[in-house]
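Below, each chain spelled out in residue letters.
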Amino acid sequence: MTATRDELVAAARGPRRFGWWYIAEHQFRQMRRYLWVVVVNTIGSPLLYLLGIGFGLASFMTRPIADGPDGPVSYLLFVTPALVASAGVAVASDEFQYSVMMGFKWRRLFWGMNDSPVEPPQIVTGFVLAVAGRMLFSTLAFAAIAVLFGGLGDPWSAFAVAGAGLLGGMAFGLPLLAYSATITEDKGQFALVNRFVFTPMFLFSGTFYPLATLPVWLQWIGWVSPLWHASEIGRAASYGRSPGSWPVGWHVVVLLTLCVAGWVAARRVFVRRLRG
Amino acid sequence: MTVISARGLVKRYGDLAAVDGIDFEVPAGESFGLLGPNGAGKSTTMRMVGAVSARTAGDLTVLGLDPDTHGPEIRAQLGVVPQEDNLDLELRARDNLVVYGRYFGISRAECLRRADELLAFAQLEDKATAKVDDLSGGMKRRLTIARALINTPRVLMLDEPTTGLDPQARHVLWDRLFRLKERGTTLVLTTHYMDEAEQLCDRLIVVDHGRIMAEGSPAELIRRYSTREVVELRFGTDRNADAGARLESAADRVEVLPDRVLLYTDDGERLLEHVAREGMRPTTSLVRRSSLEDVFLRLTGRSLIE
């Protein structure tokens, strides 16, 4: 059963090219196990938010807080793109914390992948791709439901708003993935991330009111927050103007920078940890 | 044909040399073992051979390829059974084999076909649709072995394959591994159980502190480093050392352990008679064949399981 060098090289050609896809396949198959949770979350969460805000909170907001190109816009229109973006961020927070710990430590799934021809950077790519799939499903579903509620100025903007949510979710998620991959022992770090990163980000990123409403010394939270940048892009797409003074291109650049930095860092950490 | 060749293999973590210059060769079809206590460098060696950990120094080829440059090509030909199971507990048994087979670029249809074959080989056909979480420890271990065979590997690497299993589960597993050996699969395994090494290995190296202490078949090693028989006597913790000293001249070699005295000799019964003639009264006495444990004790002055 001897093999020539060429035969050995040929046998690994598939994994060398498509290893990332094989990993994504595994992740999608895993998600099927908790598909109903994903679906209930994806549909239930926008319904709750839009009902609560659209019929509840918005009825008190008589004074407009944001303008479109043709004058003031409703509170629902203002808040919906931010809610879509936060749906993306929530998926990132779901998938890039405990699942990473599961992969490295609790179930050691990444070590199993690592013993196959698949390389650590491909593990990152496949894992991220699967999460991106779930994230896009969530943000698209949210945006589609929002159209039914009249939450988006232009119904066709649903795609752009969902895309902004995906970009924002990844800009938050990829650096989080890199951080989670460095954790060798769960000492409550994830609880800290949720309490002191995720929650403040949600509250201080101009999600429910324009960022400029905050005192200047608190506004920096928005500037570094992927959620704010994604919300601003979504608002510009939905009703033609974002309340902040930044051009949309800048928001995109900030988010892409965070994505690339997180991606590069995550690949490095995975390689270091799996191939040490 | 040589499947694995290591020359002066070294792995250093900072100042610590986990593997400190070891040489070995494994020909195709051989069942090769690395025997040594925990922390001896066995798993580190396996990781280097498995092309998932770069060597610090030395030469290493697996199937004629350098793991530093041809990791995926080497791993495509290996089956790896890690020390700790890393099955996907969320998936069913068959799905575990299928998703793993896909990592090797094997088509889904072919993965399904092989999965059924391997489940039968692992005596798990009736568990194909069971969730992995519901399987016993021995079943999980067999499923891990089945998973490692999904790519019909040229070399199957097993790191402590039966650690933590009950005796019956160990025997079932040994039987499966023995069948693979009969089929000509090259096996490389680490263990700190000498009975496992004796059962499964054609040849082995005894490793301690990252170095090779001895190399040979189990029978050769026993012949070279021990006597034919061993007499085990227990006199009580306080009296073992004195008894050992008194019997020094009657045996080829004496080892005093905290709980017993080991007397190495070619004729155990005769030595026991001598003990009786001396008027010594051990609380228990036993004559047994020398084992790899004795080899290890001789080579390192320590027991394998401490």
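The structure displayed is predicted, hence computed values, not measured ones.

K.L.:
Is there a simple way to explain the overall build of chain A in this structure?
P.N.:
The helix and strand tally for chain A stands at 12 helices and two strands. Going from N to C terminus, chain A has its helices and strands arranged as α-α-α-β-β-α-α-α-α-α-α-α-α-α. Taken along its principal axes, the extent of the C-alpha atoms in chain A is 80 × 35 × 30 Å. Expressed as a percentage of its 276 residues, the buried residues of chain A come to 50%. Sequence separation of 24 or more characterises 75% of the internal contacts of chain A that already satisfy a separation of 6 or more. Put simply, chain A shows about 12,400 Å² of open surface, and 67% of that area lies on carbon and sulfur atoms.

K.L.:
Whenever I open this one, the overall build of chain B confuses me. Can you help?
P.N.:
Within chain B one finds 11 helices and 13 strands. In terms of overall dimensions, chain B has C-alpha extents of about 75 × 45 × 35 Å along its principal axes. Within chain B, the proportion of its 306 residues that are buried is 57%. Taking contacts inside chain B between residues at least 6 apart in sequence as the whole, the part at least 24 apart equals 67%. Once the 42 positive and 49 negative side-chain charges of chain B are each reduced to a mean point, those two points are 3 Å apart.

K.L.:
Is there a simple way to think about the environment of Asp175(B) in this case?
P.N.:
Along the polypeptide, Asp175(B) turns up in helix 6 (residues 167–182). Each C-alpha atom, one on Asp175(B) and one on Thr152(B), is 19 Å from the other, the two residues being 23 residues apart in sequence.

K.L.:
Can you help me understand the packing of helix 8 (residues 157–182) of chain A against helix 12 (residues 248–274) of chain A in this one?
P.N.:
How two helices pack is summed up by the angle between their axes together with the distance between the axes. Residue and element names in this part refer to chain A. With their axes 8 Å apart at the nearest point, helix 8 and helix 12 run at an angle of 25° to one another. With respect to helix 12, the axis of helix 8 lies roughly parallel. Helix-helix and strand crossings are classified by hand; for helix 8 and helix 12 the assignment is left-handed. A breakdown of the residues in the contact of helix 8 with helix 12 according to their chemical character gives 18 nonpolar, three polar and two charged.

K.L.:
What is the right way to read the nonpolar core from this model?
P.N.:
Soluble globular proteins tend to bury their nonpolar side chains together. Membership of the largest hydrophobic core comes to 90 residues, with the highest contact counts inside it found for Phe96(A), Phe110(A), Met170(A), Leu177(A), Phe270(A), Leu143(B) and Leu156(B). For this core, the element with the most residues is helix 8 of chain A, which contributes nine residues. Not counting residues within four places of it along the chain, the set of residues in contact with Leu143(B) comprises Leu87(B), Ala93(B), Leu97(B), Leu119(B), Leu124(B), Val132(B) and Leu135(B). Val19(B), Val49(B), Leu60(B) and Val62(B) belong to the second largest nonpolar core, which has 28 residues in total.

K.L.:
Can you help me understand the UniProt feature "domain: ABC-2 type transporter transmembrane" (unreviewed entry) in chain A in this one?
P.N.:
The UniProt feature table records "domain: ABC-2 type transporter transmembrane" (unreviewed entry) at residues 21–236 of chain A. Summarising residues 21–236 of chain A: 77% helix, 3% strand, and an end-to-end C-alpha distance of 34 Å.

K.L.:
Would you explain the sheet that holds strand 13 (residues 284–289) of chain B in this entry?
P.N.:
Within a sheet, neighbouring strands are paired by backbone hydrogen bonds and run either parallel or antiparallel to one another. All names here are of chain B. One open sheet accounts for four strands, arranged 11-12-10-13; its pairing is antiparallel. With one partner strand each, in any of the chains shown, strand 11 (253–256) and strand 13 form the two edges of the open sheet. The sheet shows a mean angle of 20° between the axes of neighbouring strands, taken without regard to direction. Examined bridge by bridge, strand 11 and strand 12 (residues 261–265) share four bridges and lie antiparallel to one another. By the bridge assignment, glutamate 255 is partnered in strand 12 with leucine 262. On the sheet, helix 11 (residues 292–300) packs against strand 10 (229–234), strand 11, strand 12 and strand 13 and is oriented at approximately 100° with respect to strand 12.

K.L.:
Help me understand the interface of chain B and chain A, please; the structure alone is not making it clear to me.
P.N.:
Quite often, the size of an interface is put as the accessible area lost when its parts meet. Each side of the interface is counted separately: chain B has 41 residues, and chain A has 33 residues. The interface formed by chain B and chain A contains five salt bridges. Between Glu90(B) and Arg107(A) there is a salt bridge, and its shortest N-O distance comes to 2.9 Å. Linking chain B with chain A are 16 residue pairs in polar contact (both at pLDDT 80 or more), by the criterion used here. Going through the elements one at a time, strand 1 (2–13), helix 2 (71–75) and helix 3 (93–102) of chain B are the ones with two or more residues in the side of chain B that touches chain A. For the side of chain B that touches chain A, the element with the highest residue contribution is helix 3 of chain B, accounting for five residues. In terms of residue class, the side of chain B that touches chain A is built from 19 nonpolar, seven polar and 15 charged.

K.L.:
Can you walk me through the packing of helix 7 (residues 120–148) of chain A against helix 8 of chain A in this structure?
P.N.:
All names here are of chain A. In the contact formed by helix 7 and helix 8, the axes pass within 8 Å of each other and the chain directions differ by 145°. You can see that helix 7 and helix 8 cross each other, and the crossing is right-handed. Where helix 7 abuts helix 8, its residues Val124, Phe127, Val128, Val131, Ala132, Met135, Leu136, Thr139, Leu140, Ala143 and Val147 lie against Ala158, Phe159, Ala162, Gly165, Leu166, Gly169, Met170, Leu174 and Leu177.

K.L.:
For this particular structure, what's the right way to read unusual backbone geometry?
P.N.:
Note on backbone geometry: most residues besides glycine have negative phi, and most peptide bonds are trans. Residues and elements named next belong to chain B. With phi around 55°, glutamine 123 is a residue other than glycine that occupies positive phi space. On the secondary structure map, glutamine 123 appears in the loop between helix 4 (108–121) and helix 5 (137–148). The residue glutamate 160 is not glycine, and still its phi comes out positive at about 50°. In this structure, glutamate 160 sits in the loop between strand 6 (155–159) and helix 6. Its relative accessible area of 2% is what places glutamate 160 among the buried residues.

K.L.:
Would you explain the packing of aromatic side chains in this entry?
P.N.:
We describe a pair of aromatic rings using the distance from one ring centre to the other and the angle between the two ring planes. Per the stated rule, a full pass over the model turns up 20 aromatic pairs over all chains. Each ring, one from Phe172(A) and one from Phe198(A), has its centre 6.3 Å from the other, and the planes form 45°; the classification is tilted. Taken as a pair, Phe172(A) in helix 8 and Phe198(A) in helix 9 (residues 189–204) lie far apart in primary sequence, 26 residues in all. Of the residues examined, Phe172(A) reaches a relative accessible area of 8% and is grouped as buried. Each ring, one from Phe24(B) and one from Phe32(B), has its centre 5.2 Å from the other, and the planes form 20°; the classification is stacked. Each member of the pair, Phe24(B) as well as Phe32(B), is classed as buried. Grouped by ring-pair contacts, the aromatic residues Phe96(A), Phe104(A), Phe110(A), Trp111(A), Phe127(A) and Phe270(A) constitute a single cluster. Looking at Arg170(B), its charged tip hangs above the ring of Tyr193(B), at a distance of 4.4 Å from the centre.

K.L.:
Is there a simple way to think about the sheet that holds strand 3 (residues 31–35) of chain B in this case?
P.N.:
Residues and elements named next belong to chain B. Pairing is mixed in the open sheet, where six strands are placed in the order 5-6-7-3-8-9. The open sheet has two edge strands, strand 5 (78–81) and strand 9 (211–216), and neither has a second partner. Pairwise comparison of adjacent strand axes, ignoring direction, gives a mean angle of 15° for this sheet. Across four bridges, strand 3 lies against strand 8 (residues 203–208) in parallel orientation. Residue pairing in the sheet places phenylalanine 32 in a bridge with arginine 203 of strand 8. Contacting strand 3, strand 8 and strand 9, helix 11 crosses the sheet at an angle of about 40° to strand 8.

Parameters at a glance
Residues numbered from 1 in each chain as written. Chains lettered and ligands numbered in written order. Predicted model: local features only at pLDDT ≥ 70, side-chain atom pairs only at ≥ 80, totals over all residues. Heavy atoms only, no water. Helix = DSSP H or I, 4+ residues; strand = E, 2+ residues; numbered from the N terminus. Buried < 20%, exposed > 50% of the residue type's maximum accessible area, 1.4 Å probe, protein only. Contact = heavy atoms within 4.5 Å. Areas by Shrake-Rupley, 256 points an atom, 1.4 Å probe, with all protein chains shown as cover. Lys, Arg positive; Asp, Glu negative; His and termini not counted. Charge placed at Lys NZ, Arg CZ, Asp CG, Glu CD. Axes fitted to C-alpha atoms, helices over the stretch in contact; angles between N-to-C directions. Parallel < 35°, antiparallel > 145°, perpendicular 65-115°, else oblique. Left-handed = near helix turned anticlockwise from the far one by under 90°. Nonpolar A, V, L, I, M, F, W, Y, C, P; charged D, E, K, R; others polar. Core = buried A, V, L, I, M, F, W, Y, C linked by side-chain atoms within 4.5 Å. UniProt positions renumbered as here; feature names shortened; annotations may be inferred. Pairing = 2+ DSSP bridges. Salt bridge = Lys/Arg side-chain N within 4 Å of Asp/Glu carboxyl O. Polar contact = N/O pair within 3.5 Å; in protein donor to acceptor, adjacent residues only side chain to side chain. Phe/Tyr/Trp six-rings, centres within 6.5 Å; stacked < 30°, edge-to-face > 60°. Lys NZ or Arg CZ within 6 Å of the ring centre and 35° of its normal.

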